[in-house]
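# Reading the structure
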Amino acid sequence: MTPLLQLAAEQKSADVTDWPDRIGWIVGLLLFIALVYWLMRQGWKWRGTLQSDLPPLPAAPEERGAVKLELSGRYHGSTSAGQWLDRIVAHGLGTRSRVELTLTDAGLDVVRPGASDFFVPVEALREARLDKGIAGKVLTEGGLLIVTWAHGDKLIDSGFRSDHAAEQAEWVSTINDMINTTITTEGTAR
């Protein structure tokens, strides 16, 4: 046997992986991730408990009137009005989902597959505007349609993003016109 072959045959490669240590680290990491997820879930439940004074969401009336606008897109959540990071989770308002919005003479019908639907009567509408963010979602300036509405004694901002962003400006002007018409009508009726 040549000395080179003998040298190669005698060397043993070192263990590349210490499997018990690696498995221990993986199990520890998985436990840490589970703990963080559990803590986040508990925080979400606690926020819902703190907001339990919010009345149930209104359902759509049988007679809604003429359809003014329709939109399909995403519902990004609701916050306390003017506080874009104070997410409202009570009654499923914190659940993101697809959305089908319908604006009628009676108000705003929010249909969310996989989440709770709700209706905002025209009397509860306060303002519509384009903005760049709502809790957990930030886009370019004017990327979100924000609708402010009254529910109980609380003002709520709800954020929507249309599949066709160009139509959001029409929603803002139509909702604000409806609000101004409602205020004018109520003012003359008194």
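Refer to the structure above for everything that follows.
Now for a quick tour of the structure. (Residues numbered from 1 in each chain as written. Predicted model: local features only at pLDDT ≥ 70, side-chain atom pairs only at ≥ 80, totals over all residues. Heavy atoms only, no water.)

### What to know about the packing of aromatic side chains
Spelled out, the test is: Geometry of aromatic contacts follows a simple scheme: Phe, Tyr and Trp rings, the Trp one being its six-membered ring, pair when their centres are within 6.5 Å, and the pair is stacked under 30 degrees between planes, edge-to-face over 60, tilted otherwise. Helix numbers and strand numbers start at the N terminus; a helix is a DSSP run of H or I with at least 4 residues, a strand a run of E with at least 2. Classification of residues uses two cut-offs on accessible area relative to the type maximum, computed with a 1.4 Å probe and protein chains only: under 20% is buried, over 50% is exposed, and between them is partly exposed. Placement of a positive charge over a ring is assigned whenever Lys NZ or Arg CZ falls within 6 Å of the ring centre and within 35 degrees of the normal to the ring plane.
In the structure shown here, the tally under the stated rule is three aromatic pairs. With centroids separated by 6.2 Å and ring planes inclined at 70 degrees, the aromatic side chains of Y75 and F118 adopt a geometry described as edge-to-face. Here Y75 is found in strand β1 (residues 67–80), whereas its partner F118 is found in strand β5 (residues 118–121), with 43 residues between them in sequence. Note on accessibility: Y75 and F118 belong to one class, buried. The interplanar angle of 20 degrees and the centroid separation of 5.6 Å between the aromatic rings of F118 and W149 together place this pair among those described as stacked. Placement of the pair is F118 in strand β5 and W149 in strand β9 (residues 144–151), with a sequence separation of 31 residues. Neither residue differs from the other here; F118 and W149 are each classed as buried. An aromatic cluster is defined as three or more aromatic residues linked by ring pairs; in this entry it consists of Y75, F118, W149 and F160. R22 extends its terminal NZ or CZ atom over the ring of W19, reaching a point 5.8 Å from the ring centre. We note R112 situated over the ring of Y75; from NZ or CZ to the ring centre the distance is 4.5 Å.

### Observations regarding unusual backbone geometry
Of note in the backbone geometry, H91 takes a positive phi value of approximately 60 degrees without being a glycine. Mapped onto the elements, H91 comes out in the loop between β2 (87–88) and β3 (97–104).

### A word on the pattern of salt bridges
Here is the rule we go by: The working definition used for a salt bridge is a side-chain nitrogen of Lys or Arg within 4 Å of a carboxyl oxygen of Asp or Glu.
Overall, the coordinates contain six salt bridges when judged by the stated rule. The salt bridge partner of R64 is D109, with a shortest N-O separation of 3.6 Å. Placement of the pair is R64 in the loop between α2 (19–50) and β1 and D109 in strand β4 (residues 107–111), with a sequence separation of 45 residues. Assessed through its relative accessible area of 34%, R64 is described here as partly exposed. The partner of K68 in a salt bridge is D105, and the shortest N-O contact between them spans 3.5 Å. In this pair, K68 is assigned in strand β1 and D105 in the loop between β3 and β4, connecting sequence segments 37 residues apart. Here the residues in one salt-bridge network are E127, R129, D131 and D157, joined through shared partners.

None of the figures reported here should be taken as evidence of function without further support.
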